[in-house]
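Chain by chain, the residues run as shown.
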Amino acid sequence: MADATTAARARIDRALAELERKILELKARPVSAPAIADDDLFAPRVGNGADAARVAELEAAGREASQALARAAAAVREVLDRDDLTEDDDETESEAG
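**Student:** Sorry if this is basic, but what is going on with the pattern of salt bridges here?
**Tutor:** For side chains of opposite charge, pairing can occur when their charged atoms come near one another. Scanning the entire structure with this criterion turns up 4 salt bridges. The salt bridge involving Glu18 is made with Arg21; its shortest N-O contact spans 2.3 Å. Taken together, the residues span about one helical turn, with Glu18 and Arg21 both in helix H1 (residues 2-28) at a distance of 3 residues. Using a relative accessible area of 35% as the deciding quantity, one classes Glu18 as partly exposed. Assessed through its relative accessible area of 36%, Arg21 is described here as partly exposed. Here Glu25 ties to Arg21 by a salt bridge, and the two come within 2.3 Å at their closest N and O atoms. In this pair, Glu25 and Arg21 are both assigned in helix H1, 4 residues apart and thus about one turn of the helix distant. You can call Glu25 partly exposed: its relative accessible area is 38%. If you follow the salt bridges from partner to partner, you end up with Glu18, Arg21 and Glu25 in one network.

Definitions and cut-offs
- Residues numbered from 1 in each chain as written.
- Predicted model: local features only at pLDDT ≥ 70, side-chain atom pairs only at ≥ 80, totals over all residues.
- Heavy atoms only, no water.
- Salt bridge = Lys/Arg side-chain N within 4 Å of Asp/Glu carboxyl O.
- Helix = DSSP H or I, 4+ residues; strand = E, 2+ residues; numbered from the N terminus.
- Buried < 20%, exposed > 50% of the residue type's maximum accessible area, 1.4 Å probe, protein only.

Interpretation note: all reported values are geometric properties and have no functional meaning in isolation.
Laid out in structure tokens, this is it:
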């Protein structure tokens, strides 16, 4: 257990050292300097036209898949509702008989 803890601590120390190094580099850069590629992990990336077209295709495919799943879910609900009605009718007939 101690080995795992020591290894985890070493990984955390390395990550903190890397983070501190990047922060110092960013602080040392003049404001007029061009942006560093990985200085903001959450910033939207500027892509080319092919990337934008691919994203649009994926979004359209996602919408189509969502609509197909909604139709399938509605069909399943309809079948289940029919089965419930059939079971209710069978129970009513057996109680009457």
